[in-house]
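# Structural overview for review
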Amino acid sequence: QVQLVESGGGLVQAGGSLRLSCVASGRTFNNYGMGWFRQASGKEREFVAAINWGGSSTYYPDSVKGRFTISRDNAKNTVYLQMNSLKPEDTAVYYCAATLNYIEVSSTRYTYWGQGTQVTVSS
């Protein structure tokens, strides 16, 4: 089992920045590829970012590429999502997730999920 706890969400004005953190406990953190997803009210869960076990590979959808950065610190069992130039359409609950695969973009390939943290971007 892997337990994931997100933090760092909040209310920010458009153009601002936030950094989300996700701390993992349980099994060996660096065995897992990690991802961030988001779900806006009334919408399906959407892929935001992914990083491989060692942090050497990352992947983003076009909607956040160049604005969001995923990183990890395996010594701290933590994965981060730095979000810059935030837009109102980034408003959602953000979830981190863990997969035993190298790197994944599909939510169905992730086994463990955090409880989510709310990000609200005002215009």
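About the thresholds
- Residues numbered from 1 in each chain as written.
- Predicted model: local features only at pLDDT ≥ 70, side-chain atom pairs only at ≥ 80, totals over all residues.
- Heavy atoms only, no water.
- Helix = DSSP H or I, 4+ residues; strand = E, 2+ residues; numbered from the N terminus.
- Buried < 20%, exposed > 50% of the residue type's maximum accessible area, 1.4 Å probe, protein only.
- Contact = heavy atoms within 4.5 Å.
- Salt bridge = Lys/Arg side-chain N within 4 Å of Asp/Glu carboxyl O.
- Pairing = 2+ DSSP bridges.
- Axes fitted to C-alpha atoms, helices over the stretch in contact; angles between N-to-C directions.
- Polar contact = N/O pair within 3.5 Å; in protein donor to acceptor, adjacent residues only side chain to side chain.
- Disulfide = S-S within 2.5 Å.

This paragraph deals with the environment of Leu18. If you trace the backbone, Leu18 turns up in strand β3 (residues 18–26). For Leu18, a relative accessible area of 15% gives the class buried. Ignoring sequence-local partners within four residues, the contact set of Leu18 consists of Gly8, Gly10, Val12, Leu81, Gln82, Met83, Leu86 and Val119.

Attention now moves to the pattern of salt bridges. Taken as a whole and judged by the stated rule, the model has five salt bridges. Of the charged contacts, one joins Arg38 and Glu46 as a salt bridge, the two residues approaching to 2.8 Å between their closest N and O atoms. Its salt-bridge partner being Arg109, residue Glu104 comes within 3.9 Å of it at the nearest N-O pair. The exposure class of Arg109 is partly exposed, given its relative accessible area of 43%. Among the charged side chains, a network of salt bridges with common partners joins Arg38, Glu46, Arg67 and Asp90.

What the four strands build is an open sheet, ordered β1-β3-β8-β7; its pairing is antiparallel. In this open sheet, the two strands that pair with only one neighbour each are β1 (2–7) and β7 (68–73). Each neighbouring strand pair of the sheet contributes to a mean axis angle of 15°, computed without reference to strand direction.

Time to look at the side chain of Thr78. Following the sequence through the fold, Thr78 ends up in strand β8 (residues 78–83). Judged by relative accessible area, which is 6%, Thr78 ranks as buried. In terms of polar contacts, Thr78 uses its side chain to reach the backbone carbonyl oxygen of Lys76, at 2.7 Å. Setting aside residues up to four positions removed in sequence, Thr78 forms contacts with Ser21, Cys22, Val23, Phe29, Ser71, Arg72 and Asp73.

Taken as a whole and assessed by the stated rule, the structure comprises one disulfide. Shown here is the disulfide that connects Cys22 with Cys96, its sulfur atoms set 1.9 Å apart. An S-S torsion of about 40° defines the bridge between Cys22 and Cys96 as right-handed. With a gap of 74 residues between them, Cys22 in strand β3 and Cys96 in strand β9 (residues 92–99) connect regions that are remote in the sequence. Here the two residues Cys22 and Cys96 agree in accessibility, since each one is buried.

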